[in-house]
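Spelled out from the first residue to the last, the chains are:
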2 protein chains.
Amino acid sequence: MQAKYEKIAESLRGEIIEGKYNKDKKLPTEEILMKYFDVSRNTIRKAVDVLVNSGCVYRVQGSGVFLRDVHDDGFVGSINIAGLTKNFSRDEIKSKVMELSIITPDDNLISKLECTAESKIYYVKRLRYVNGEPIEIEESYYNKDIVPYLNREICESSIFNYMRDDLKLNIGFANRIVSCDKLEKFEAEIINLNEGDPCLKIENVVALSNGKKFDYSIEKYNYLKVKLYNIT
Amino acid sequence: MQAKYEKIAESLRGEIIEGKYNKDKKLPTEEILMKYFDVSRNTIRKAVDVLVNSGCVYRVQGSGVFLRDVHDDGFVGSINIAGLTKNFSRDEIKSKVMELSIITPDDNLISKLECTAESKIYYVKRLRYVNGEPIEIEESYYNKDIVPYLNREICESSIFNYMRDDLKLNIGFANRIVSCDKLEKFEAEIINLNEGDPCLKIENVVALSNGKKFDYSIEKYNYLKVKLYNIT
């Protein structure tokens, strides 16, 4: 179930996409939004936080909340803790599961996931499409002690939604490193690029809100389609 | 002049690098740090914010502030609003000015900097070295209405420090896009890579705290040396 602020975020995002705020390139004040949605200031702030995190608006202290030119050079959008799923509410996202298996962790995984050599780990390799175009190769490792069950059907939609909605787990934070790499031949082929072409690479270690690490993933994005927004 | 919290951040960073907190990979509690540095909770929080933003620690709600494995695979660190300068307090950063000129803006610059066709713009191209190694090519465009004077000497050190310390300007926020690109032949040569190799590309539009945009820059980093840290 969506929280109230999530619904408001979604509805604001819809209005932004439809061009409702294009004239000023700015959202209405908190006061106006509070009246409009009939909710508290705190709910409006949380809704705007969602939009800030997904890169569609940015805050300027003392001036308000401004729209970003999200689609101005053809890239598909930004990425947040939940990966692609949460960001492209107007886009169609599909995942093809290329591999799903249970493995035992090597030293690198043991250190990333803070698990033991005896832990069972779900290995999931997915190819992710936005509006029919393959744009991401994702390899994820889930600690089975925390995510006790996965199947192809779950992996074809959002694993994070399943964790939250079905397993009732609280996803806390992602420890993330963004870099560039060269694509291997077999990787390049499946996202329609050439061997040695760049990819935007994101490594995540994701923890529950109690700090327990449950997921290590490596995402490789088509560099022509995906950019990251960031505000400092 | 450095603020108190900046000095504390620097001293904590030094202790982290020296390995003082390696056992727990965690900073002491706020209470302990308040006593140790004899300052308020607010000052400690601001100091820790600096370290969080520069990617050397991360906060876990309810658990504390944890150290990141910053140097674990040979990359030089993270990047914040002020670019390289602020991040590598233990590293030696040098800039070679490759070009410094005054230009009139094209349509793209007029839109990025929200200036007019009559505005004068400083164009600065720099090659930046960390510990003697060339790792970044940076092209920056400064609106001369806001940054009235630049010379080679200023550009060889930190332009942001000059703006803050000498011009007394308040730097507000950076609107930033991270992506990947291929290096052109002449770019690759100066950072010791090959034509077509990937680079980590960061485009920034930087504004004063009053919202006035003064700088548009394109930074290209050696993809083997630089990664970005990010917490969501």
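Residues numbered from 1 in each chain as written. Chains lettered and ligands numbered in written order. Predicted model: local features only at pLDDT ≥ 70, side-chain atom pairs only at ≥ 80, totals over all residues. Heavy atoms only, no water.

Honestly, the interface of chain B and chain A in this entry has me stumped. Any pointers?
How big an interface is tends to be stated in terms of accessible area lost as the parts join. With 32 residues of chain B at the interface, the matching set in chain A holds 32 residues. Between chain B and chain A lies a buried interface of about 2900 Å² when both sides are counted; carbon and sulfur atoms form 55% of it. Our count for the chain B to chain A interface comes out at two salt bridges. A salt bridge links Asp-197 of chain B to Lys-182 of chain A; the nearest nitrogen and oxygen atoms lie 2.9 Å apart. Linking chain B to chain A there are two residue pairs in polar contact (both at pLDDT 80 or more). Elements supplying a minimum of two residues to the side of chain B that touches chain A: β1 (57-60), β6 (171-182), β7 (198-208) and β9 (228-231) of chain B. A per-element tally of the side of chain B that touches chain A places β6 of chain B first, with eleven residues. For the side of chain B that touches chain A, the per-class residue count stands at 16 nonpolar, eight polar and eight charged. (Contact = heavy atoms within 4.5 Å. Buried area = accessible area lost by both parts, 1.4 Å probe. Salt bridge = Lys/Arg side-chain N within 4 Å of Asp/Glu carboxyl O. Polar contact = N/O pair within 3.5 Å; in protein donor to acceptor, adjacent residues only side chain to side chain. Helix = DSSP H or I, 4+ residues; strand = E, 2+ residues; numbered from the N terminus. Nonpolar A, V, L, I, M, F, W, Y, C, P; charged D, E, K, R; others polar.)

What am I meant to see in the side chain of Asp-197 of chain A here?
Within the secondary structure layout, Asp-197 of chain A lies in the loop between α7 (185-190) and β7 (198-208). Exposure remark for Asp-197 of chain A: the relative accessible area of 7% places this residue in the buried category. Those residues in contact with Asp-197 of chain A that sit more than four places away from it in its chain are Asp-181, Lys-182, Leu-183 and Tyr-223 of chain A together with Lys-182 of chain B. (Buried < 20%, exposed > 50% of the residue type's maximum accessible area, 1.4 Å probe, protein only.)

So what exactly am I meant to see when it comes to unusual backbone geometry here?
Trans peptide bonds make up the majority, and among non-glycine residues the majority have a negative phi. Positive phi, normally seen in glycine, also occurs at Lys-25 of chain A, with a value near 55°. Structurally, the position occupied by Lys-25 of chain A is in the loop between α1 (4-18) and α2 (30-37). According to the relative accessible area criterion, Lys-25 of chain A is partly exposed, its value standing at 32%. Within the chain, Lys-168 of chain B stands out as a residue other than glycine whose phi angle is a positive 55°.

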